[in-house]
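Descriptive analysis of the structure
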Amino acid sequence: MKPRAILFVDDDSDDRFLLNAAFNELGYYDCVSYAENGEKALHYLQSAINTNELPRLIVLDLNMPKMNGTQVLKAIKQNDYLRDIEIIIFSTAINDPQRKKCLSNGAVNYLVKPIDYTGFLETAQAFYNIAFS
Amino acid sequence: MTEITKIYLENEMDLILAHKRSMKLADFNGLSLSAQTSFGTAVSEVCRHVMVKNSSITVSLAIDHTKGRNIIIAQVLHTKKDIAVDDEALVYAGKLVDAVVISKLKNSYAVKLEQKTPARQKFSIEQVDEWRYFFRNEKPFSPYEEVRMKNIQLKELTEKLTQSERQYKALAESLPLSIVTFDEKGELVYANKWMQEFSGQGIDKINDSKWQSVIHEDDIASIKHRQEEQNNFEVLQSNAVNEYRVKNREGNYVWHLGSSVEVEDENNASKYWVGYLVDIQAQKLVEETLKDNAALKEAHEQLAHYQLALEERIQELNNSNFELEQFAYIASHDLQEPLRKLLVYNDYLQKKYAAQLDADALFVISKMNAACMRMRNLITDVLNFSKIRKTEIRFSQTDLTLVVKNVLEGLDQRIKAADAVITIGELPVIEASGLHVAQLFENILSNALKYKKENVRCEITISGEIIDGNALIHIRDNGIGFEDRYGEKIFGLFQRLHDKEEFEGTGIGLAICRKITDLHSGTVTAAGNPGVGAHFTVSLPIVQGAK
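Attention here is on the structure that accompanies the text. This is a predicted model, so every value here is computed, not measured. (Residues numbered from 1 in each chain as written. Chains lettered and ligands numbered in written order. Predicted model: local features only at pLDDT ≥ 70, side-chain atom pairs only at ≥ 80, totals over all residues. Heavy atoms only, no water.)

What follows is about the overall build of chain A. Regarding its fold elements, chain A presents 5 helices and 5 strands. Along chain A, helices and strands appear, N-terminal first, in the series β-α-β-α-β-α-β-α-β-α. Residues counted as buried form 47% of the 133 residues belonging to chain A. In chain A, 70% of the contacts between residues at least 6 apart in sequence involve partners at least 24 apart. Surface exposure of chain A reaches about 6600 Å², of which carbon and sulfur atoms provide 46%. (Helix = DSSP H or I, 4+ residues; strand = E, 2+ residues; numbered from the N terminus. Buried < 20%, exposed > 50% of the residue type's maximum accessible area, 1.4 Å probe, protein only. Contact = heavy atoms within 4.5 Å. Areas by Shrake-Rupley, 256 points an atom, 1.4 Å probe, with all protein chains shown as cover.)

Printed below as a string of structure tokens:
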């Protein structure tokens, strides 16, 4: 699989579908890679290190099976090759303490998942801007 | 001095007897005939002299045994003191016997004649008994003497009987219990001193009242009940031991134990009963106390049992409350996710396929969207409601004026939209959870803004006061109000007074308010007046945990 600028890690297939739809509608094709859970994300990143084709932005859902977003965030920040990649937390939970914890662990932002498609379009645009600035 | 015989002297005949017996006693003691005659003459002379001044006297013939020899004695007892040793008769007697002595006894005077007997005489009880026997059975020397002896025996018996009766009476009078005798009609014949002093009533009064003035009517009634066909007194007369309440002179009833025994006279004719009543109040009190104690203990145990049951119920309730909260939290949290998808896909459908859908389809989609939004609000509110828990609350000094001002800032947009005028007075500083009281005021103020009257400027007044350690915050508005009977209902979960179309809302806001005041050991109440406005009163303790 061709490495892409954004890695979107989320076990929710709907969110993956909607984000993809939004990117396509905005006309940005082939700029997002998708991982269904934390383990797969770390496998992906390991191979990206090997091929030296790291993403510019990682978007992490928090509530995932096997390895949750917080654990993935820590693993990335402990890895010398990965720690400089920007990370955005993308979660349904409006939880202030959790938000603060993620930001102190190195995430650049904590976004709450939108409740309409318009929100997805705005989010996709924001991700694009960060990844391709 | 050992008395051998006694003679009552009333006349000449008695003097002869005294003379004769004195001689006989002297004879028994080995005195010569002349000495016998001297002793007898001395005794009769003294008696004759004393009798002149006394109507009746006694002479006691006795023996004294000192220094190995007997002395025969004649002691004349009388009651007049004017008998002297120099009286002629006594001087004469002094020449006939060894000694004449006058002495004063307790209630009488004595003239004592003594005559020593020959040294060879022995003294023994057997001898004394023999002499006594002789005098007792001495043949009367005349019919007069016989009648007289009988008379004397009768007199002695009467005296003994009177004495014995006196002793019994003294005993009955001195005992600290009530002793009575009564006849077959229950009429008191005798009541001892204690009975009369205890009850403060004489025999007549007790008889007049047929015992009711001293014995508690219930006790008489229960006796009646037990023995319907008999009269009251038959129970008193039975030998059974019964308990009665007897009224004392102060008018208080004191428990007594009573019993009586039937006494028959010699002819088995007229019966009477002797009974006693003894104070058992102390014993009764102890019994009652023990009984009370047992009842108390039982009540206590019952109470402890209830307490335990109650605690169990409370624990169950707490558990189920906790489970319910957990459920509400998890359910609302997990419900949020699919709902969000519904909203997003709805929007996706509307935006992407708007060109392909007709007006009806778009209307349906907009309805679906509105329903989803309501559900989302509901879930958010339930989630918020379930999040308010005792464990989540942290109390600190909170300036309510600041809290309300911050809330108003947050509501800025809506205040402007409603064109509301809000007046805020000075509010107290209290110990509270700032975050939660903010939510409390936000909910009440949101309602005031929401339920405003159309075409009338919304006016809200917030004022505070301190009463009995509680901060009272009044929030008054000039909105549409509500009927006062709904004043309590509106604080229930999901309770709404208006159609969803009229005013949006989930019916949770005020339930959250109630929960917050509960957790602060405070209250929130509402009074309404349709078309005039609503008045919410929040009462919160200034210090938490102060009772």
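All names here are of chain B. Within the largest apolar cluster, 47 residues are counted, with the highest numbers of intra-cluster contacts made by Phe441, Ile444, Leu445, Ile462, Ile475 and Phe536. Top contributing element to this core by residue count: helix α14 (residues 434–450), with 8 residues. Apart from the residues within four sequence positions on either side, Ile462 is in contact with Val404, Leu408, Ile422, Thr423, Ile424, Gly425, Leu427, Leu445, Ile473, His474 and Ile475. (Core = buried A, V, L, I, M, F, W, Y, C linked by side-chain atoms within 4.5 Å.)

Interfaces are frequently sized by the accessible area removed from exposure as the parts join. At the interface, 12 residues of chain B touch 15 residues of chain A. Of the roughly 1400 Å² buried where chain B meets chain A, counting both sides, 57% is carbon and sulfur surface. Taken together, chain B and chain A are joined by 4 salt bridges. For Asp12(A), the salt bridge goes to Lys341(B), with nearest N and O atoms at 2.3 Å. Considering each element in turn, the side of chain B that touches chain A owes the most residues, 10 residues, to helix α10 (residues 281–352) of chain B. Looking at the side of chain B that touches chain A, its residues break down into 5 nonpolar, no polar and 7 charged. (Buried area = accessible area lost by both parts, 1.4 Å probe. Salt bridge = Lys/Arg side-chain N within 4 Å of Asp/Glu carboxyl O. Nonpolar A, V, L, I, M, F, W, Y, C, P; charged D, E, K, R; others polar.)

What follows is about the sheet that holds strand β12 (residues 421–424) of chain B. Residues and elements named next belong to chain B. Here 5 strands make up an open sheet; going across it, the order is β12-β14-β15-β17-β16 and the pairing mixed. Either end of the sheet is taken by a strand with one partner, and the two such strands are β12 and β16 (523–529). For this sheet, the mean inter-axis angle between neighbouring strands, taken without regard to orientation, is 15 degrees. Where β12 meets strand β14 (residues 459–467), 4 bridges bridge the pair, whose relative direction is parallel. Paired with Val421 across the two strands is Glu459, which belongs to β14. (Pairing = 2+ DSSP bridges. Axes fitted to C-alpha atoms, helices over the stretch in contact; angles between N-to-C directions.)

Residues and elements named next belong to chain B. One way to put it is that helix α1 (residues 12–28) packs onto helix α4 (residues 125–136) with a least axis distance of 12 Å and a crossing angle of 150 degrees. Taken together, α1 and α4 sit at an angle that is classed as roughly antiparallel. Between α1 and α4 the crossing geometry is right-handed. Every residue of α4 that contacts α1 at Arg21, Lys24, Leu25 and Phe28 is listed here: Trp131, Phe134 and Phe135. A per-class count over the contact of α1 with α4 returns 5 nonpolar, no polar and 2 charged. (Parallel < 35°, antiparallel > 145°, perpendicular 65-115°, else oblique. Left-handed = near helix turned anticlockwise from the far one by under 90°.)

Attention now goes to the sheet that holds strand β1 (residues 2–9) of chain B. All names here are of chain B. Read across the sheet, 5 strands follow the order β1-β2-β3-β5-β4 without closing on themselves; strand pairing throughout is antiparallel. The open sheet has two free edges, formed respectively by β1 and β4 (99–104), since each of these has just one partner strand. Taken over all neighbouring pairs, the strand axes of this sheet differ in orientation by 20 degrees on average, direction set aside. The sheet contact formed by strand β2 (residues 57–66) and strand β3 (residues 69–78) spans 9 bridges and is antiparallel.

All names here are of chain A. In the Ramachandran plot, Asp30 falls in the positive-phi region, its phi being about 55 degrees despite a non-glycine side chain. One can find Asp30 in the loop between α1 (13–26) and β2 (32–35). Phi angles above zero are rare outside glycine, and Lys66 is one such case at about 65 degrees. As for its placement among the helices and strands, Lys66 is situated in the loop between β3 (57–60) and α3 (69–77). Taking relative accessible area as the criterion, Lys66 reaches 66% and is therefore assigned exposed.

Residue and element names in this part refer to chain A. Within the element layout of this structure, Phe132 appears in the segment after α5 (117–131). Residue classification places Phe132 among the partly exposed residues on the basis of a relative accessible area of 39%. Put simply, Phe132 and Ile6 are 126 residues apart on the chain and 9.4 Å apart in space, counted from C-alpha to C-alpha. Setting aside chain neighbours within four positions, we find Phe132 in contact with Ala5 and Cys31.

Right, let's get into the pattern of salt bridges. This model, assessed by the stated rule, comprises 27 salt bridges over all chains. Where Lys352(B) meets Glu25(A), a salt bridge forms, and the shortest distance between an N and an O atom there is 3.9 Å. Here Lys352(B), found in helix α10, pairs with Glu25(A), found in helix α1, and the two come from separate chains. Note on Lys352(B): relative accessible area 35%, which makes it partly exposed. Here Lys100(A) and Asp96(A) are joined by a salt bridge, their closest N and O atoms 3.5 Å apart. In this pair, Lys100(A) and Asp96(A) both sit in helix α4 (residues 96–104), 4 residues apart, roughly one turn of the helix. In this structure Asp96(A) comes out as partly exposed when scored by relative accessible area, which is 43%. Within this structure, Asp10(A), Asp12(A), Asp14(A), Asp15(A), Asp61(A), Lys113(A), Glu337(B), Arg340(B) and Lys341(B) form a network of salt bridges that share partners.

Time to look at the packing of aromatic side chains. Taken as a whole and assessed by the stated rule, the structure comprises 16 aromatic pairs over all chains. Consider the rings of Phe17(A) and Tyr345(B), whose centres lie 6.3 Å apart with planes at 35 degrees: the pair is tilted. Here Phe17(A) is found in helix α1, whereas its partner Tyr345(B) is found in helix α10 on a different chain. One aromatic cluster is present, formed by Phe8(A), Tyr34(A), Phe90(A), Phe120(A) and Phe127(A) through successive ring pairs. In this structure, Lys284(B) is placed above the aromatic ring of Trp255(B), and the distance from its NZ or CZ to the ring centre is 4.4 Å. Stacked on the ring of Phe491(B), the Lys or Arg Arg514(B) has its end atom at 4.4 Å from the ring centre. (Phe/Tyr/Trp six-rings, centres within 6.5 Å; stacked < 30°, edge-to-face > 60°. Lys NZ or Arg CZ within 6 Å of the ring centre and 35° of its normal.)

This part is about helix α12 (residues 400–410) of chain B. All names here are of chain B. Here α12 has its buried residues at Leu400, Thr401, Val403, Val404, Val407 and Leu408. Angularly, the buried residues of α12 cover 165 degrees about the axis, an arc narrow enough to put them on a single face. Among the exposed residues of α12, those oriented more than 90 degrees off its buried face are Leu402, Glu409 and Gly410. Measuring from the side-chain oxygen of the N-cap residue of α12 to the backbone nitrogen of Thr401 gives 3.0 Å; that N-cap residue is Asp399. (Arc of directions from axis to C-beta. Polar contact = N/O pair within 3.5 Å; in protein donor to acceptor, adjacent residues only side chain to side chain.)

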